Amino acid sequence: MKSTLFPGILFSLAGALSASAANIAWVSFHSGDNAPTAAAVTAGFTKAPDIGYTNLLAANGHTVTRIVQSGTPNAALLNSFDLIIVGRSVASGSFQGAGATAWNALTAPTIMMSGYTLRASRAGFTTGETMPDTFIPTDAIVDTIRLTVNNPAHPVFAGVSLDGSNTTVNAFASEVTFGTNVQAGISVNNNPLAGSGTLLARVGTAGDPAVNGPVIAEWLAGATMANTPASVLGGHRLVFLSGSRERGITSEAAGIFDLTADGTRMLLNAVDYMAVPEPTTFTLGVLGAACLLRRRRH
């Protein structure tokens, strides 16, 4: 008699390991979606400038908890989440020196969205300090960027159309405006990746100030970064640059949502990819037992 135990166990485990709903810590200047900082309120914001991201995550079934950015992160709290996302609306100085060591040591998978936090003088994901912004906000054109993808098979790019050069057919991100003020684009730290990082996608729009700069890249736990003193990553890291740079307003208003439909798809793919828990010893044991049982019954 054919056993149905093995496929049943696999189905249950697959569901448990690929559940899309994640418990996410969103790291930002702003303590709540409806609680922008005093500087942002003075600039005219009534909601957190980066609310577009937290709204998107919540609308897709994720539980989002805002954590105010700091150079002394609460490791016990942050490591309890399925995923940490360090948004664009943060102070890069919180990721410098002892702050860099503390953030890099976190074991929870983490997505980094601010290029300024990646510099060698900050968390050390790159070897230098160069920081061009995408777009030219002083011209009359609503600028967009496309990405050139190094690994089209990576889960981040599932469902995204690429041309023959592996450049996205559609735009990844677009200029945004606050009031009448056009904001600067994505700040790209375009120096070489440190710590054996893997480049996944770069700015692919010819003539853009940040052309060929890395936008999406990945690091494994245990990588040694380029900050001083050098620190080691305690968990999986993905850089996914997104969010405007402030122009004509407070720096605490950086990080306004700038993704297009395809950029949004990539971000949601990235969240699902990063938030999937690694197999535990128990899980691997159950899979092994199921395989052994299946062999004995056939």
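Here, the structure is the one placed above.
Residues numbered from 1 in each chain as written. Predicted model: local features only at pLDDT ≥ 70, side-chain atom pairs only at ≥ 80, totals over all residues. Heavy atoms only, no water.

### Structural notes on the overall build of the chain
Here's step 1: A count of helices and strands for the chain gives 7 helices and 12 strands.
Here's step 2: Within the span of the chain, comprising 298 residues, buried residues form 49% of the whole.
Here's step 3: A separation threshold of at least 6 residues defines the contact pool for the chain, and within that pool the share at least 24 residues apart is 72%.
Here's step 4: Only carbon and sulfur atoms are counted for the fraction: they give 57% of the accessible area of the chain, which is about 12,800 Å². (Helix = DSSP H or I, 4+ residues; strand = E, 2+ residues; numbered from the N terminus. Buried < 20%, exposed > 50% of the residue type's maximum accessible area, 1.4 Å probe, protein only. Contact = heavy atoms within 4.5 Å. Areas by Shrake-Rupley, 256 points an atom, 1.4 Å probe, with all protein chains shown as cover.)

### Things to note about the packing of aromatic side chains
Here's step 1: Applying the stated rule across the entire model yields 6 aromatic pairs.
Here's step 2: Both rings, one in W26 and one in Y53, keep their centres 5.7 Å apart while their planes meet at 20 degrees; by these two values the pair is stacked. One end of the pair, W26, is in strand β1 (residues 23-28); the other, Y53, is in helix α3 (residues 51-59), with 27 residues separating them in the sequence.
Here's step 3: Of the residues examined, Y53 reaches a relative accessible area of 1% and is grouped as buried. (Phe/Tyr/Trp six-rings, centres within 6.5 Å; stacked < 30°, edge-to-face > 60°.)

### So, the pairing of strand β11 (residues 214-219)
Here's step 1: Among the 6 residues in β11, 6 count as buried, and that is most of the element.
Here's step 2: Inspection of the sheet shows strand β10 (residues 198-203) paired to β11 by 4 bridges, in the antiparallel sense. By the bridge assignment for β11, L199 is matched with A217. (Pairing = 2+ DSSP bridges.)

### Considerations on the pattern of salt bridges
Here's step 1: Within this structure, the stated rule accounts for 5 salt bridges.
Here's step 2: Of the charged contacts in the structure, one is a salt bridge between R66 and D33, with a shortest N-O distance of 2.7 Å. On the criterion of sequence distance, the pair formed by R66 in strand β2 (residues 63-68) and D33 in the loop between β1 and α2 (38-43) is long-range, its members being 33 residues apart.
Here's step 3: A relative accessible area of 12% means that R66 is categorised as buried.
Here's step 4: For E129, the salt bridge goes to R119, with nearest N and O atoms at 3.7 Å. Placement of the pair is E129 in the loop between β4 (110-112) and β5 (144-145) and R119 in the loop between β4 and β5, with a sequence separation of 10 residues.
Here's step 5: Judged by relative accessible area, which is 11%, R119 ranks as buried.
Here's step 6: One connected set of salt bridges, linked through shared partners, spans D33, D50 and R66. (Salt bridge = Lys/Arg side-chain N within 4 Å of Asp/Glu carboxyl O.)

### Focus: unusual backbone geometry
Here's step 1: A cis amide bond links T228 with the next residue in sequence, P229, at an omega value of -5 degrees.
Here's step 2: Relative to the helices and strands, P229 is located in the loop between β11 and β12 (237-240).
Here's step 3: Of note, F135 is a non-glycine position whose phi angle comes to about 75 degrees, a positive value.
Here's step 4: Assignment of secondary structure puts F135 in the loop between β4 and β5.

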